[in-house]
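Read off the chains here:
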Amino acid sequence: MSPLIVCPACDLVHRNAETPVRGRTRCVRCRAPLQRTEGSAVDTAIALAVCALVLLLLSNAYPLVQMQVNGTSRDTTLIGAALGLYAQHFDSLAALVFFTTVVAPLLQTAALLYVLIPVRRRRRAPGQETVFRVLVQVRPWSFMEVFMLGALAALVRLSNFAHIVTGISLWSCLLLMFCLSALTSITSPEQIWHWIERSRE
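Trainee: Sorry, what's going on with the pairing of strand S3 (residues 65–69) here?
Mentor: Successive residues of a regular strand alternate their side chains across the two faces of the sheet. Relative to strand S4 (residues 72–76), S3 is paired through five bridges, and the arrangement is antiparallel. Each residue of the ladder has a partner; that of Val 69, found in S4, is Thr 72. Taken together, S3 and the strand that follows it, S4, pair antiparallel across an intervening segment of two residues, in which Asn 70 is found at a positive phi of about 50 degrees. Pairing of S3 with strand S5 (residues 163–166), which is carried by four bridges, proceeds in the antiparallel orientation. If you follow Met 67 over to S5, its bridge partner there is Ile 164.

Trainee: Got a minute to help me understand unusual backbone geometry in this structure?
Mentor: It is generally the case that most residues other than glycine have a negative phi and that most peptide bonds are trans. Backbone geometry places His 89, a non-glycine residue, at a positive phi of 70 degrees. Within the secondary structure, His 89 sits in the loop between helix H2 (78–87) and helix H3 (91–120). The class of His 89 is exposed, set by a relative accessible area of 69%. Even without a glycine there, the phi angle at Arg 122 is positive, about 60 degrees. Examined against the element boundaries, Arg 122 turns out to sit in the loop between H3 and helix H4 (128–138). Residue Arg 122 is classed as exposed on the basis of its relative accessible area of 54%.

Trainee: Honestly, the pattern of salt bridges in this entry has me stumped. Any pointers?
Mentor: Pairing of side chains with opposite charge becomes possible as their charged atoms draw close. This model, assessed by the stated rule, comprises two salt bridges. For Arg 120, the salt bridge identified is with Asp 43, shortest N-O distance 2.4 Å. With Arg 120 in helix H3 and Asp 43 in helix H1 (residues 42–61), this residue pair connects regions lying 77 residues apart in the sequence. The salt bridge involving Glu 129 is made with Arg 124; its shortest N-O contact spans 2.6 Å. Relative accessible area serves as the criterion here: at 23%, Glu 129 is assigned to the partly exposed category. When its relative accessible area of 48% is taken as the criterion, Arg 124 is described as partly exposed.

Trainee: Got a minute to help me understand the sheet that holds S3 in this structure?
Mentor: In a beta sheet, neighbouring strands pair by backbone hydrogen bonds and run either parallel or antiparallel. Taken together, three strands build an open sheet; the order of strands is S4-S3-S5 and the sheet is antiparallel. Of all strands in the sheet, those with a lone pairing partner are S4 and S5, marking the two edges. Neighbour-to-neighbour, the strand axes of the sheet open up by a mean angle of 20 degrees, direction not taken into account.

Trainee: What is the right way to look at the side chain of Ser 59 in this model?
Mentor: Along the polypeptide, Ser 59 turns up in helix H1. From its side chain, Ser 59 meets the backbone nitrogen of Cys 173 in a polar contact 3.4 Å long. With residues up to four places along the chain from it excluded, the contact list for Ser 59 reads Leu 78, Ser 169, Ser 172, Cys 173 and Leu 176.

Trainee: Sorry if this is basic, but what is going on with a nonpolar patch on the surface here?
Mentor: A cluster of nonpolar residues, Phe 90, Leu 93, Leu 96, Trp 141, Phe 143 and Val 146, forms a patch on the protein surface that exposes about 560 Å² of accessible area. Its place among the elements puts Leu 96 in helix H3.

Trainee: Hey, could you run me through H4 in this one?
Mentor: Structural remark: α-helix, 3.6 residues per turn; residues separated by three or four positions point the same way. Within the span of H4, buried status applies to Gln 128, Phe 132, Leu 135 and Val 138. End-on, the buried residues of H4 take up no more than an arc of 130 degrees, which puts them together on one face. Turned more than 90 degrees away from the buried face of H4, the exposed residues are Thr 130, Arg 133 and Gln 137. For H4, the elements touching its buried residues are H3 and helix H7 (189–199).

Trainee: Which parts of the structure should I look at to understand H7?
Mentor: Turning to H7, its buried residues are Gln 191, Ile 192, Trp 195, Ile 196 and Ser 199. Within H7, the buried residues cover an arc of 140 degrees as seen down the axis, which keeps them to one side. On its buried face, H7 is in contact with H1, H3, H4 and helix H6 (168–186).

Reading the values: the criteria
Residues numbered from 1 in each chain as written. Predicted model: local features only at pLDDT ≥ 70, side-chain atom pairs only at ≥ 80, totals over all residues. Heavy atoms only, no water. Pairing = 2+ DSSP bridges. Helix = DSSP H or I, 4+ residues; strand = E, 2+ residues; numbered from the N terminus. Buried < 20%, exposed > 50% of the residue type's maximum accessible area, 1.4 Å probe, protein only. Salt bridge = Lys/Arg side-chain N within 4 Å of Asp/Glu carboxyl O. Axes fitted to C-alpha atoms, helices over the stretch in contact; angles between N-to-C directions. Polar contact = N/O pair within 3.5 Å; in protein donor to acceptor, adjacent residues only side chain to side chain. Contact = heavy atoms within 4.5 Å. Patch = residues over 30% accessible without salt bridge, like charges linked within 9 Å, V, L, I, M, F, W, Y side chains within 5 Å. Areas by Shrake-Rupley, 256 points an atom, 1.4 Å probe, with all protein chains shown as cover. Arc of directions from axis to C-beta.

So, in structure tokens, the structure goes:
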């Protein structure tokens, strides 16, 4: 790993040093954590990424909710929500919803699997550094939590006017939110580089 490490909060440069198994290095200026504990396994990250990918596919394959009003019913999917906004001429909002709820989580999980599966086999994926940089740039745009909060708030309001039936996709999105959070917490850039360096030994 690099002999220098930059604080993610205040950009102060520190010399990188080995940390105890249960320890954590903190910035001397703002006390923000500089690196996570190197205790997670590559297998755990791969399993969470595969789980997230399956949940993402389920979230897009089945309806989110079904609304029943006056004997008629309508349902929508995750992609259908973006298409509905586009049909109402909210082009920018539709693109943002599609990118943050479909494209960004898909790129995040696919990039992690592309990098980590060869690392587990002690190999190097072609274009590994480029894919890793894309992952770092895309990860902040995964807003599944914001989407779920907005969807639940809208469903509570709609329940006063229509009968709402939750679909498989809504529960998949909820599980996906927790899965992506767990995946993000154990795959910090420092942790991934640690795995990469260890695979070269």
